[in-house]
Amino acid sequence: MTVERITVLGGGTMGNGIAHVCAQAGRKVTLVDMNQDLLEKALGTIFKNMDRQVKKEIISAGEKEEAVGRISTATSIEDGIAEAQLVVEAVPEKLELKESIFTELDEKAPADAILATNTSSISITEIAAFTKRPEKVIGMHFMNPVPMMKLVEVIRGLATDDETTQTVMDLSVELGKTPVEVNDFPGFVSNRVLLPMINEAIFALMEGVAEAEAIDTVMKLGMAHPMGPLALADLIGLDVCLSILEVLHRDIGDDRYRPCPLLRKYVAAGWLGRKSGRGFFGYDR
Ligand SMILES: NC(=O)c1ccc[n+]([C@@H]2O[C@H](COP(=O)([O-])OP(=O)(O)OC[C@H]3O[C@@H](n4cnc5c(N)ncnc54)[C@H](O)[C@@H]3O)[C@@H](O)[C@H]2O)c1
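Residues numbered from 1 in each chain as written. Predicted model: local features only at pLDDT ≥ 70, side-chain atom pairs only at ≥ 80, totals over all residues. Heavy atoms only, no water.

### What about the overall build of the protein chain?
Move 1: What the protein chain contains, in helices and strands, is 12 helices and eight strands.
Move 2: Projecting the C-alpha coordinates of the protein chain onto the three principal axes gives extents of approximately 55 × 45 × 35 Å.
Move 3: Per-residue burial over the protein chain gives 49% buried out of 285 residues.
Move 4: Taking contacts inside the protein chain between residues at least 6 apart in sequence as the whole, the part at least 24 apart equals 65%. (Helix = DSSP H or I, 4+ residues; strand = E, 2+ residues; numbered from the N terminus. Buried < 20%, exposed > 50% of the residue type's maximum accessible area, 1.4 Å probe, protein only. Contact = heavy atoms within 4.5 Å.)

### As for the pairing of strand β6 (residues 137-142)
Move 1: Within β6, six of the six residues are buried, leaving the element largely enclosed by the surrounding structure.
Move 2: Every second residue of β6 is oriented toward a common face, with V137, G139 and H141 on one face and I138, M140 and F142 on the other, all of them buried.
Move 3: Relative to β6, strand β5 (residues 114-117) runs parallel, the two sharing three bridges. By the bridge assignment for β6, A116 is matched with I138.
Move 4: Of the strand pairs in this sheet, β6 and strand β7 (residues 151-156) are connected by five bridges, and their pairing is antiparallel. Residue pairing in the sheet places M140 in a bridge with V154 of β7. (Pairing = 2+ DSSP bridges.)

### Some details on the site of the ligand
Move 1: The full set close to the ligand counts 21 residues, and M14, D33, E93, K98 and S120 are the nearest of them.
Move 2: If you list the elements that add at least two residues to the shell around the ligand, you get α1 (13-24), α5 (95-108) and β6.
Move 3: A class-by-class count of the residues in the shell around the ligand yields nine nonpolar, nine polar and three charged. (Near = heavy atom within 4 Å. Nonpolar A, V, L, I, M, F, W, Y, C, P; charged D, E, K, R; others polar.)

### Details of the pairing of strand β2 (residues 28-32)
Move 1: The element β2 is largely enclosed, with a buried count of four among its five residues.
Move 2: Read from strand β1 (residues 5-9) through α1 to β2, the crossover connection turns out right-handed.
Move 3: In this structure, β2 lies alongside strand β3 (residues 71-74), joined through four bridges in parallel fashion. Bridge pairing in β3 places V32 opposite A74. (Right-handed = clockwise from strand over helix to strand, strands pointing away.)

### Digging into unusual backbone geometry
Peptide bonds are trans in most cases, and residues, glycine excluded, mostly fall at negative phi.
Move 1: Of the consecutive residues N144 and P145, the connecting peptide bond is found in the cis state with omega at -5°.
Move 2: With respect to the element layout, P145 can be found in the loop between β6 and β7.
Move 3: Even without being a glycine, F188 presents a positive backbone phi close to 50°.
Move 4: Structurally, F188 can be placed in the loop between β8 (178-183) and α8 (190-206).

### Some words on the domain arrangement of the protein chain
Move 1: Domain boundaries assigned for the protein chain yield domain 1 (5-183) and domain 2 (191-274).
Move 2: Here the C-alpha centroids of domain 1 and domain 2 sit 28 Å apart. (Domains from an automatic or database assignment.)

Given below as structure tokens:
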């Protein structure tokens, strides 16, 4: 199936980026958020990011105008999904919220529409079970910032069928991304591998193995990582890191995923990284 009409639910950090790349790849996009102010803000971010691409001569001014013209908005699921062939959900990472959204999507989306989620850590199989079409539910895990990052982790739930997977793999290529197919296990591949490394860096800091700057320098210069793990944790958000580690620890049931007490302490203090102005490093806000 060729996907021409896409609805993106949630116009936040990830949703506006997903709408951006879909519109740029010639798809008709409907962006849904809870009110007009949030939608204006999301559209403003898309315009600004496309302007940057025009300045860098990645796209022409005309292509920007055409892409923007392909995006419409809605303030309810009902108004935004009548024609959708694919829905990409990018609302906050809360299980109850995903449950109510997928229950509603299943009732109101066209019967043959694929329902994808951008979740970082919730089981695709569990989300699929909220619907009566689990074979059409799939993980489409974009990376932040979406217009720049090449990877889409395509996650098959237990019941996801081959046709749905192939459609999403093909679409991801057409969006200019490199899709990688993975199975549904806690943290998928990306967070299963990344978060234990970040957690270990925090243990090393807590145990006084080295200062934060030194730990990051070792990983940047010694392992050719573009960012050190502590700076990356600050970028992701320490609260987000903690909640993903809690999922890994709970769902895999192995103590090697236990969140470092220093991470818990920082989150309790409200030191959440870049977004709060302070994490393992300080930031001007
Ligand atoms: N931020 C990241 O780096 C990142 C990376 C990969 C995956 N994710 C995942 O993507 C999803 C979205 O994360 P985010 O960082 O974009 O969140 P965000 O908080 O920036 O944006 C969420 C948006 O959803 C909207 N929303 C809330 N309830 C809604 C509803 N009922 N209907 C429509 N819109 C609603 C909010 O108003 C907000 O605009 C999460 O599942 C997260 O785990 C995030």
